[in-house]
Amino acid sequence: MKKHVRLATSIIALTALLATGASASAATQTIDGREGEDSAVVPVNGIIGEFDNTTPGPDPEDTSKWINVTLPTTALFYSEDGNVSNLVAPNYTITNNSARKVDVIVEDVENLQATSVIDSLSINTIELIDSGVKSTSLTGTDSLFELDDNSNAAAASDSFTFTGSASGALTLSDEVNPSFDLILKFIPIIS
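This report concerns the structure included in the present document. (Residues numbered from 1 in each chain as written. Predicted model: local features only at pLDDT ≥ 70, side-chain atom pairs only at ≥ 80, totals over all residues. Heavy atoms only, no water.)

## Thoughts on the pattern of salt bridges
As enumerated under the stated definition, the model contains 3 salt bridges in all. Between D59 and R100 there is a salt bridge, and its shortest N-O distance comes to 2.9 Å. Note that D59 is positioned in the loop between α1 (2-20) and β1 (69-70) and R100 in the loop between β4 (92-96) and β5 (101-113), a separation of 41 residues in sequence. In this structure D59 comes out as partly exposed when scored by relative accessible area, which is 28%. (Salt bridge = Lys/Arg side-chain N within 4 Å of Asp/Glu carboxyl O. Helix = DSSP H or I, 4+ residues; strand = E, 2+ residues; numbered from the N terminus. Buried < 20%, exposed > 50% of the residue type's maximum accessible area, 1.4 Å probe, protein only.)

Structure (structure tokens):
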């Protein structure tokens, strides 16, 4: 009898695992005939047709399919009028269009050009450039912010800006145009 219970439990667990596409660490249930149990309910979800990441539903096998964000294609920082050593920027918005929350990570800065004049430059509170080079405090896992899912429009968007200083700008006779590529990573939050 114990052999049949174990076999039934194994089949149910395997069926649930295959039906959800989940990993082996997914939640399980144990049916124990000694406790008067001889059946189980296993909810089964499916995705038929093209996956729509803007509506709630079961998680696809590749959870990165939940990523659907809108963000600017370029951003700008500049010297503040009247104080060329103070760096400022407009606010830029990132909006999550997905039915799952998304964590926005500052992963890296690359292709730094003409940044030697910059003392420091941060995106919100994350330092990107220090003394003209990529900041050593940039870990690649720094969360810029978490965006709620699209059912909460007010919390599904957040903004970033740049602040910093460029004391070398005080001695410049010509305009300098520093540039770099900001690498952002988006991680869906599956709860």
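## Things to note about the sheet that holds strand β2 (residues 78-80)
Pairing within the open sheet is antiparallel, and its 6 strands lie in the order β2-β3-β11-β6-β7-β8. What marks the edges here is a single partner per strand, and that holds for β2 and β8 (133-134). Bridging between strand β6 (residues 120-123) and strand β7 (residues 126-130) involves 4 bridges; their strand directions are antiparallel. Bridged to I123 within β7 is I126. (Pairing = 2+ DSSP bridges.)

## Digging into the nonpolar core
In this structure, I94, L128 and F162 are the most contacted members of the largest nonpolar core, which totals 28 residues. When residues of this core are traced back to their parent elements, those giving at least two are β4, β5, β6, β7, β9 (142-147) and β12 (179-189). A per-element tally of this core places β5 first, with 4 residues. What L128 contacts, discounting residues up to four positions off in sequence, is V106, V109, L121, S122, I123, V133, K134, S135, L138, F162, F180 and L182. (Core = buried A, V, L, I, M, F, W, Y, C linked by side-chain atoms within 4.5 Å. Contact = heavy atoms within 4.5 Å.)

## Concerning unusual backbone geometry
Phi at N124 takes a positive value of approximately 50 degrees, unusual for a residue other than glycine. Of note, N124 is situated in the loop between β6 and β7. Of note in the backbone geometry, S131 takes a positive phi value of approximately 55 degrees without being a glycine. Along the chain, the position of S131 falls in the loop between β7 and β8.

## A word on the sheet that holds β12
Within the open sheet, the 3 strands sit side by side as β9-β5-β12. Their pairing is antiparallel. The open sheet terminates on both sides in strands that have one partner only, identified here as β9 and β12. The sheet shows a mean angle of 30 degrees between the axes of neighbouring strands, direction not considered. (Axes fitted to C-alpha atoms, helices over the stretch in contact; angles between N-to-C directions.)

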